[in-house]
Amino acid sequence: MCDQLRFDYLSCAGHPTLKTPNIDALAVRGVRFTRAYVQSPVCGASRMSFYTGRYVSSHGASWNGFPLKVGEMTMGDYLRPLGVDTVLVGKTHMQPDTEGMERLGIDPQSIIGVRVSECGFDPYERDDGLHGIGPDGRYDPREPRYNRYLNEKGYPGPNPWHDYANAAEGEGNALASGWAMRHARKAARVADEDSETPYMTRRAMDFMREAGERPWCLHLSYIKPHWPYIAPAPYNDMYGPGDVIAAVKSESERIDPHPVYRAFMDFLVARNFSREEVRREVIPVYMGLIRQIDDQLGHLFGFMRSRGLLDNTLIVFTSDHGDYLGDHWLGEKDLFHEPSVKIPLIVCDPSPDADGTRGSTCDALIEAIDLLPTFLERLGADPREQGHRLEGRSLLSWLRGEAPADWRAFAFSEYDYSMLPASAKLGTAPRDARLFMVADKRWKYVHAVGFRPMLFDMQADPNEFRDLGNDPSYADQCDAMHNALSEWAMRQSQRTTVSEQRILNARGKSQRRGILIGVWDESDIPQDSWSAYRGGG
């Protein structure tokens, strides 16, 4: 998993100048899904859906730093009973439910406590790659092993993550911090081999060396091409302004926009990415960071091949969300235009059953929550037995060239913007600062609590320039999409402790356990139901 990688910034997805040969080769060996959506276009909430197989409103961790409540089943909880070690190298953005753990007496240092704190993973190396230090202290209070590694390699100071891996040489003795995007194309002060992406790749290899014969699932989770947008040589200047694709934006979008959209366009990151000089400085480095990931995946795949792992390992390549990069007058992610909510997704299944689909694309509506059921089915389990918890569907049929007749007609995503200044600016209470997206093969509809909807015709307007949500002539289409959203919102999502099969097995059995409700006469029910109540000698 990459962080903040757009779906269209791969050469196999049609980027005209960015070359990603190793990711392309994976696509040749697998299936590339072209309509894959995350369940929230922000890191933490999106990742919790990947790890639980559940929508955001089901697991409740709707923003970065919002804890995933104790008791939510996660990937390791599903895979370990099948004999599969479930291991993390890199980022999760998981915040543990420390209050819940304390209430239940769970020691955070115990095996259970660690797994509850780490989305069910055994953390071979947890590093969210967000080691900023400001006036109020550290963003992430944990000291990363990566900082110790850099110190040992000769990069001094208390936070070489920033001072070397994410900063360039400034004038005099000053640093050119990667937090200031004007420095993006300067080379980071760290050697390529010591930067974050190669480091995490080597840590993944370290795990594979140590894993032995026991089956495993490894979540290799890169922080890049997420900001700070800065790269070591040679990736900092591998691409230039001539490689920057024109922004997908229209002046018409700024004429009477939706109130929430208008508020997001006013963010500092949006105002800066609306400037072409910013895009020319940043996007070449974003591309360089992607190329570095591709190069490192080449090393990883070569390592796996040398150890006989490439031919018996299911490999998924994806991202937790995209990046606007100035499209639609926005920066970062957060809203539901395609550059933000749609992700790259390549699944390479080594099974002979998947031979017929190698090198193909699939335009079915896919959700991030589909990966966990896919893993279960690939391991021989029936994910439908977990249907009271898992809300995604296995992709195995698509990988085998079988199109399910009852595949979903709609994809859903959610966004909680209560932590953002837009909520205060719009006068929206935190409980109401919510957005919901529902998309089918043609239409994309956004319900904004307290405001009018947004509607886009993805067929006639693939760039999503024209918001039809306020056009009376599209009221019927808005109603139809809203009805689909309402039906989805009424799904059963919280009965997670009792399966459908258990209900079916228990239905109508209470009489045989002595609970006799509504009986007038002993002949109303089978006589053996009275066996314990007859009395007498």
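Now for a quick tour of the structure. Here the structure is a predicted model, which means the values were calculated and not measured.

Parameters at a glance
Residues numbered from 1 in each chain as written. Predicted model: local features only at pLDDT ≥ 70, side-chain atom pairs only at ≥ 80, totals over all residues. Heavy atoms only, no water. Helix = DSSP H or I, 4+ residues; strand = E, 2+ residues; numbered from the N terminus. Pairing = 2+ DSSP bridges. Axes fitted to C-alpha atoms, helices over the stretch in contact; angles between N-to-C directions. Contact = heavy atoms within 4.5 Å. 1 Å grid on protein atoms, 1.4 Å probe; cavity = no way out; pocket = protein on both sides within 12 Å on 5 of 7 lines; lining within 4 Å. Points joined across faces, edges and corners; volume = space filled by probe spheres on them. Salt bridge = Lys/Arg side-chain N within 4 Å of Asp/Glu carboxyl O. Buried < 20%, exposed > 50% of the residue type's maximum accessible area, 1.4 Å probe, protein only.

## A look at the environment of Gly 518
Here Gly 518 shows up in the segment after α18 (500–506). Expressed as a C-alpha distance, the spacing of Gly 518 and Leu 268, which sit 250 residues apart in the sequence, is 67 Å.

## Comments concerning the sheet that holds strand β15 (residues 443–448)
Taken in spatial order, the 4 strands make up an open sheet running β13-β14-β15-β16, and their pairing is antiparallel. Each edge of the sheet is formed by a strand with only one pairing partner; in this case those strands are β13 (411–416) and β16 (454–457). For this sheet, the mean inter-axis angle between neighbouring strands, taken without regard to orientation, is 15 degrees. Here β15 runs beside β16; their pairing, made up of 4 bridges, is antiparallel. Paired with Lys 444 across the bridge in β16 is Phe 456. Contacts from helix α17 (residues 475–489) reach β13, β14 (434–439), β15 and β16 within the one sheet, and its direction differs from that of β15 by about 70 degrees.

## Topic: empty space enclosed by the protein
Applying the stated criterion to the full structure yields 6 cavities of 30 Å³ or more. Space inside the largest cavity adds up to approximately 80 Å³. Mapped onto the lining of the largest cavity, the elements with two or more residues apiece are β15 and β16.

## Observations concerning the sheet that holds strand β2 (residues 85–90)
Sheets are built from strands that pair by backbone hydrogen bonding, the pairs being arranged parallel or antiparallel. The strand order β3-β2-β8 describes an open sheet built from 3 strands, whose pairing is parallel. Unpaired on one side and paired on the other, β3 (122–126) and β8 (216–221) mark the two borders of the sheet. Pairwise comparison of adjacent strand axes, ignoring direction, gives a mean angle of 15 degrees for this sheet. Inspection of the sheet shows β2 paired to β3 by 4 bridges, in the parallel sense. Across the sheet, residue Gly 90 finds its bridge partner in β3, namely Arg 126.

## So, the layout of surface pockets
With a probe scaled to a water molecule rolled over the atoms, the places where space remains empty come into view. In this model, the largest pocket occupies a volume close to 1,100 Å³. Looking at the largest pocket, it is lined by 43 residues, and the ones nearest its centre are Trp 216, Cys 217, Leu 218, Thr 313 and Leu 314. Every element with two or more residues in the lining of the largest pocket is listed here: α2 (43–52), α4 (75–79), α9 (196–210), β8, α12 (276–306), β9 (315–318) and α14 (371–378).

## Observations regarding the pattern of salt bridges
Pairing between side chains of opposite charge can happen when the charged atoms of each approach one another. Tallying each qualifying case throughout the model produces 47 salt bridges. Measuring nitrogen to oxygen at the nearest pair gives 3.5 Å for the salt bridge that ties Asp 3 to Arg 47. Residue Asp 3 is located in the segment before α1 (21–29), and its partner Arg 47 is located in helix α2; the two are separated by 44 residues in the primary sequence. Like Asp 3, the residue Arg 47 is buried in the burial classification. Between Arg 6 and Asp 327 there is a salt bridge, with the nearest N and O atoms lying 3.0 Å from each other. Of the two residues, Arg 6 sits in the segment before α1 while Asp 327 sits in the loop between β9 and α13 (338–341), which places them 321 residues apart along the sequence. For Arg 6, a relative accessible area of 4% translates into the label buried.

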